[in-house]
Amino acid sequence: MIDYEAIKPTYFSECADLLTDLDTHFSDFSEIDKAPDAALGAYRKIHSIKGSSGVFDFKRVITVAHEIETLLQGTISKEPGELAALAATFLRARDILSDLIAAEQTGEQLPGAYEQPVLEELRQFVSAQANERTGQDSDIPKDQKPEDADPQPLLDDVVGGRAFVNSTIRVERDRIDNLINQVSEIIISQSSVMRHVDEALHQSHPELAQAISHYFRQSVSLQDAVMAIRAQPIGTVFASLPRLVRELAAQSGKSVRITFSGENTEIDQTVVQRLYGPLTHMIRNAVDHGLELPVDREAAGKHKTGEIVVAAAQQGECLRIVVSDDGRGLDAEKIRQTAIKRDLITETDKLSTEEINGLIFKSGFSTAGRISDISGRGIGMDIILQDIHNLGGRILVNSSPGNGCEMELILPLSFAVIEGMVVDIAGQTCVLPLSAIRQCVSGAAAHMRRVPDLGAFLQLNDQLIRFADLHRLLQNRADNDSGLPSQTDSEVDLALLVETHEGASLAIKIDRFLGQQQIVVKSIEENFTRIDGISGATVLGDGEIALILDVSSIYELLGGKIAGETSLGEHVETAA
Amino acid sequence: MSGIAHADEIGGDWFEAGLEESQKKFVVFSIDDQHFCVDIMSVREIRAWVEETQLPNTSHVVRGVINLRGEILPIIDLRKMFGQGATQPTNRHVVLIVSHEGKLKGLLADAVLDIVSVNEEDIRSVPDSIVGNRQHFLSGILLDDDRITTIVALNRLIEYAITETIAA
């Protein structure tokens with residue numbers, strides 16, 4: 001006896017995947033070289049959906065799927081040009097199908113005529129094809145009636161609990177998360193054990209020391225393997241972008257082509273979902289603001305079709321995604337003027353081209369001449385920046401007028417476990433992400449400089465770096481007797497040079513180094529809220545909680561970039 | 001005799017004792033000589049106080065965070081919430097671990113006193129005689145002979161802690 005309710009979740013998640021693939025396939029109908037393969041792929045997918053929907057007798061779903069399948073059958077052997085003409089229809093039909101399936105899942109009652117318009121459209125094309133056809137055979141089996149669809153093979157797969165088509169297996173997300181948590185706890189225990197494996201132990205108990213080290217190495221492998229389970233190819237994020245580009249291009253009257261590379265680059269599941277928003281925003285901006293109208297492009301000597309390239313690659317411990325377009329590029333002078341008008345900078349501020357380009361990420365900035373309903377006005381870029389920051393990454397912009405714009409996203413590959421430097425700051429144990437640390441300075445007192453009204457700086461190699469004395473900064477708001485104990489002016493000895501997401505430098509005073517180790521990042525936001533200056537917490541081997549410092553946030557708390565900071569040289573006085 | 005049934009009257013298995021439709025159960029705790037209570041459905045567990053790790057830029061009513069089986073959660077000082085100054089906690093003090101909107105929080109109190117079962121119609125509204133900002137964090141009172149037990153409005157309390165922190 002088949003338990004239909006038990007296999008429904010599998011059906012719905014299979015359909016979700018198939019629908020996503022259909023989206024890609026139908027979008028590919030517009031590309032001459034991809035269209036034939038796409039048509040075949042689409043046929044197989046819609047056939048699967050129809051078949052498995054038959055198991056549950058989802059009549060409305062079956063009807064729409066059947067019409068799509070019938071039209072596809074007749075289209076497979078057609079010229080790519082004809083496929084392109086049908087792309088829009090197929091995409092609309094796919095959307096309706098998706099809605100109908102979703103309604104079966106949630107129990108929502110869609111209006112009776114919901115799928116009528118698209119069914120009419122499909123049937124019109126089908127009968128047009130039938131009129132053309134002169135009774136030629138197709139080498140794909142024809143199903144004239146929904147009931148003829150044979151659900152049996154599909155059903156066997158589902159009921160037998162086997163994987164669907166390829167060698168993958170479905171696992172509930174909760175189980176994976178639980179597994180990851182368990183492994184995280186192992187890492188913490190392991191750190192605690194490793195603290196005791198020192199030279200003395202190697203001398204007194206060499207076999208024990210060796211066994212522990214071996215076990216440690218195996219734990220690291222286990223951890224890597226488990227984290228890899230959550231890894232997904234970044235292509236899953238890219239999947240819906242071609243369609244977005246088609247729609248945006250159509251809406252704005254532009255001709256746009258998008259290509260990808262590095263789709264197989266693997267990233268952690270947690271990062272995948274959070275990348276979708278920023279990437280979508282960036283593509284919208286590229287189409288809306290970056291790329292010119294075809295006539296303007298030709299006038300500038302460019303091909304009338306604008307090109308957007310999204311390239312992903314792993315670079316060391318980071319994921320690097322570059323979104324570039326060959327549009328009009330950023331006009332630094334125009335940005336500067338707008339920034340002055342919006343009171344973001346003053347006339348006299350001296351900024352490099354990169355710094356000017358970076359202004360587009362400030363809240364309230366927009367050079368769009370009119371409000372466009374595609375990207376809105378002035379809200380796009382700072383939201384993108386915030387999303388990327390929340391992922392622990394940064395954005396670099398490279399552009400010049402007429403030569404397009406290149407935005408580079410640099411993200412940590414995983415933000416569940418990071419390499420961290422554990423330090424003591426005024427008696428409190430804190431962690432700094434290793435990726436943010438540039439240099440360690442000892443005997444810093446000799447390099448301290450005080451600038452009137454601006455504070456303390458560290459002078460290194462002709463560079464003045466803002467100095468952060470955290471025990472005065474990280475204080476509870478209304479409570480000056482709690483928070484980190486403040487210190488009297490003691491000699492500054494140790495300092496860590498760190499870098500913020502935007503590439504700004506900061507020197508943080510350290511009292512002691514406690515070691516470098518793998519840090520399991522625990523969220524404070526999960527049960528509480530976001531804390532300024534802190535990006536999370538971790539539990540050390542001895543059970544103590546250590547706060548993970550957020551360098552960029554600390555930089556902002558100190559007042560962010562001071563306009564004219566680069567011209568500080570004239571104001572320098574030696575520390576007393 | 002009031003309509004409030006106390007744990008020792010219900011008998012040993014007060015957890016299993018059937019709740020009538022219109023009854024609510026509360027966990028009663030004390031701060032100095034005042035009695036407060038919170039809906040038992042919110043309370044996950046009760047633990048002895050352990051030292052928190054302080055957080056910067058946080059509301060003054062949040063003492064810091066603790067690690068509870070791998071989860072980091074904030075500890076709210078109830079004495080401070082109700083304007084009676086900061087608690088000087090010892091391991092005799094208690095922390096009520098509560099769940100609100102799926103998030104865990106710890107409430108620091110002096111001691112847990114009782115579990116009471118109350119008919120809804122016996123819950124009274126907060127009188128105007130309770131002055132100041134305290135009134136905002138209370139959602140009702142229970143009267144048992146001469147004893148007043150005030151019901152804590154957990155959502156407003158937590159909202160305050162969060163809003164204050166964001167503003168910090």
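Treat the numbers as computed from the prediction; the structure is a model and nothing was measured.

1. A short note on the overall build of chain B
Inference 1: Within chain B, the secondary structure is distributed over 3 helices and 11 strands.
Inference 2: Each helix (α) and strand (β) of chain B, taken in turn from the N terminus, gives the series β-α-β-β-β-β-β-α-β-β-β-β-β-α.
Inference 3: Sequence separation of at least 24 residues holds for 57% of the intrachain contacts in chain B that already meet a minimum separation of 6.
Inference 4: By element, 46% of the accessible surface of chain B is carried by carbon and sulfur atoms, the whole surface being about 8,200 Å².

2. With respect to the overall build of chain A
Inference 1: A count of helices and strands for chain A gives 18 helices and 19 strands.
Inference 2: The burial tally for chain A puts 46% of its 576 residues in the buried class.
Inference 3: For chain A, the computed accessible surface area is about 29,300 Å², with 49% contributed by carbon and sulfur atoms.

3. What about helix α5 (residues 116–132) of chain A?
All names here are of chain A.
Inference 1: The end-to-end C-alpha distance of α5 is 24 Å, a good match for the 24 Å that 17 residues give at a rise of 1.5 Å each.
Inference 2: Among all positions of α5, only V118, L119, E121, L122, V126 and Q129 are buried. Each buried residue of α5 sits inside an arc of 160 degrees when the element is viewed along its axis, so together they form one side. For α5, the exposed residues lying more than 90 degrees away from the buried face are P117, Q124 and N131.
Inference 3: The inward-facing, buried residues of α5 contact α3 (59–75) and α4 (80–106).

4. Regarding the interface of chain B and chain A
A common measure of how large an interface is: the accessible area buried when the components associate.
Inference 1: Between chain B and chain A, the residue contacts involve 27 residues of the former and 30 residues of the latter.
Inference 2: Viewed at the interface, chain A and chain B are joined by 0 salt bridges.
Inference 3: Of all the secondary structure elements, the ones that give two or more residues to the side of chain B that touches chain A are β5 (62–68), β6 (71–77), β8 (103–109) and α3 (154–167) of chain B.
Inference 4: Here the side of chain B that touches chain A takes 5 residues from α3 of chain B, the largest share from any one element.

5. A few points about the confidence of the model for chain B
As a general rule, the predicted coordinates of low-pLDDT regions are not to be interpreted in detail.
Residue and element names in this part refer to chain B.
Inference 1: On average, residues of chain B carry a pLDDT of 84, and 85% of them reach 70 or more.
Inference 2: The low-confidence segment residues 10–17 (pLDDT under 50) makes 9 contacts with residues lying over four places distant or belonging to another chain.
Inference 3: For this predicted complex, the interface confidence comes out at an ipTM of 0.83, alongside a pTM of 0.58.

6. Here we look at the nonpolar core
Residue and element names in this part refer to chain B.
Inference 1: Membership of the largest hydrophobic core comes to 63 residues, with the highest contact counts inside it found for F82 and L96.
Inference 2: Examining the composition of this core, we find that 5 residues originate from one element, α3, more than from any other.
Inference 3: Discounting chain neighbours no more than four positions away, the residues touching F82 are I31, F36, R134, F137, L138, V152 and L157.

7. Let's talk about the pairing of β8 of chain B
Residue and element names in this part refer to chain B.
Inference 1: β8 sits mainly inside the fold: 6 of its 7 residues count as buried.
Inference 2: Bridge count between β6 and β8: 3 bridges; the pairing is parallel. Bridging from a neighbouring strand, D77 pairs with L108 of β8.
Inference 3: Taken together, strand β7 (residues 94–100) and the strand that follows it, β8, pair antiparallel across an intervening segment of 2 residues, in which E101 is found at a positive phi of about 55 degrees.

8. What about the side chain of T87 of chain B?
All names here are of chain B.
Inference 1: By the secondary structure assignment, T87 is in the loop between α2 (78–81) and β7.
Inference 2: Its relative accessible area of 4% is what places T87 among the buried residues.
Inference 3: Here D77 takes part through its side chain, which lies 2.6 Å from a polar atom of the side chain of T87.
Inference 4: Of the polar contacts made by the side chain of T87, one reaches the side chain of R79; its length is 3.2 Å.
Inference 5: Residue contacts for T87: discarding those within four places in its chain leaves R63, D77, R79, H93 and L108.

9. With respect to the sheet that holds strand β4 (residues 43–48) of chain B
All names here are of chain B.
Inference 1: Read from one edge to the other, the open sheet built from 5 strands follows the order β4-β7-β8-β6-β5, with strand pairing classed as mixed. The sheet terminates laterally at β4 and β5, the two strands that pair on one side only. If you compare each strand with its neighbour and ignore which way they point, the axes differ by 30 degrees on average.
Inference 2: Strand direction decides the pairing type here: β5 and β6, joined by 6 bridges, are antiparallel. Bridged to V65 within β6 is P74.
Inference 3: Packing against the sheet, α3 makes contact with β5, β6, β7 and β8, and its axis sits at approximately 95 degrees to β7.

10. Overview of helix α14 (residues 332–341) of chain A
Residue and element names in this part refer to chain A.
Inference 1: Listing the buried residues of α14 in full gives A332, I335, R336, T338, A339 and I340.
Inference 2: In this structure, the buried side of α14 is in contact with α15 (353–358).
Inference 3: The N-cap of α14, judged by a side-chain oxygen 3.2 Å from the amide nitrogen of E333 a few residues on, is D331.
Inference 4: Where α14 terminates, the next one or two residues include D343, which has phi positive at roughly 60 degrees.

11. Let's talk about the pattern of salt bridges
Residue and element names in this part refer to chain A.
Inference 1: If you walk through the whole model with that rule in mind, you get 28 salt bridges over all chains.
Inference 2: Of the charged contacts in the structure, one is a salt bridge between D57 and K59, with a shortest N-O distance of 2.7 Å.
Inference 3: When the shortest N-O distance is used, the salt bridge between R512 and D424 registers 3.4 Å. Residue R512 is located in strand β16 (residues 512–520), and its partner D424 is located in strand β8 (residues 417–425); the two are separated by 88 residues in the primary sequence.
Inference 4: A relative accessible area of 48% places R512 in the partly exposed class.
Inference 5: Residues participating in the shared-partner salt-bridge network are D23, R94, D95, R243 and E247.

12. Looking at the sheet that holds β8 of chain A
Residue and element names in this part refer to chain A.
Inference 1: The 5 strands are arranged β16-β8-β9-β18-β17 in an open sheet whose pairing can be described as mixed. Each edge of the sheet is formed by a strand with only one pairing partner; in this case those strands are β16 and β17 (534–539). On average, each strand axis in the sheet is inclined to that of its neighbour by 35 degrees, with strand direction left out of account.
Inference 2: Sheet topology note: the β8/β16 ladder contains 8 bridges and is antiparallel. Bridge assignment links V422 to a residue of β16, and that residue is G515.
Inference 3: Against the sheet, helix α7 (residues 173–194) contacts β16 and β17, and its axis sits at roughly 155 degrees relative to β16.

13. What to know about the confidence of the model for chain A
Residue and element names in this part refer to chain A.
Inference 1: Scored by pLDDT, chain A comes out at a mean of 78, with 82% of its residues at no less than 70.
Inference 2: Low pLDDT (under 50) marks residues 134–165, which in the prediction has 36 contacts with non-local residues, meaning those over four places away or in another chain.
Inference 3: Here residues 566–576 is a poorly scored stretch, pLDDT under 50, and it has 15 contacts once near neighbours within four places are set aside; other chains count.

14. What to know about the environment of L122 of chain A
All names here are of chain A.
Inference 1: Within the fold, L122 resides in helix α5.
Inference 2: For L122, a relative accessible area of 0% gives the class buried.
Inference 3: Sequence spacing of L122 and I68 is 54 residues, and the spatial spacing of their C-alpha atoms is 6.9 Å.
Inference 4: Apart from the residues within four sequence positions on either side, L122 is in contact with E67, I68, L71, T89 and A93.

15. Side note on the side chain of H93 of chain B
Inference 1: Tracing the chain through its elements places H93 of chain B in the loop between α2 and β7.
Inference 2: The contacts of H93 of chain B, once residues within four sequence positions are left out, are R47, A48, W49, T87, Q88, L108, A109 and D110 of chain B.

16. A word on unusual backbone geometry
Inference 1: The phi torsion at A426 of chain A lies on the positive side, around 50 degrees, for a residue other than glycine.
Inference 2: Structurally, A426 of chain A is set in the loop between β8 and β9 (428–433).
Inference 3: Residue classification places A426 of chain A among the buried positions, given a relative accessible area of 7%.
Inference 4: At D32 of chain B, a residue that is not glycine, the phi angle is positive and equals roughly 55 degrees.

The rules behind each value
Residues numbered from 1 in each chain as written. Chains lettered and ligands numbered in written order. Predicted model: local features only at pLDDT ≥ 70, side-chain atom pairs only at ≥ 80, totals over all residues. Heavy atoms only, no water. Helix = DSSP H or I, 4+ residues; strand = E, 2+ residues; numbered from the N terminus. Contact = heavy atoms within 4.5 Å. Areas by Shrake-Rupley, 256 points an atom, 1.4 Å probe, with all protein chains shown as cover. Buried < 20%, exposed > 50% of the residue type's maximum accessible area, 1.4 Å probe, protein only. Expected span 1.5 Å × (residues − 1). Arc of directions from axis to C-beta. Salt bridge = Lys/Arg side-chain N within 4 Å of Asp/Glu carboxyl O. pLDDT = per-residue confidence, 0-100. Core = buried A, V, L, I, M, F, W, Y, C linked by side-chain atoms within 4.5 Å. Pairing = 2+ DSSP bridges. Polar contact = N/O pair within 3.5 Å; in protein donor to acceptor, adjacent residues only side chain to side chain. Axes fitted to C-alpha atoms, helices over the stretch in contact; angles between N-to-C directions.

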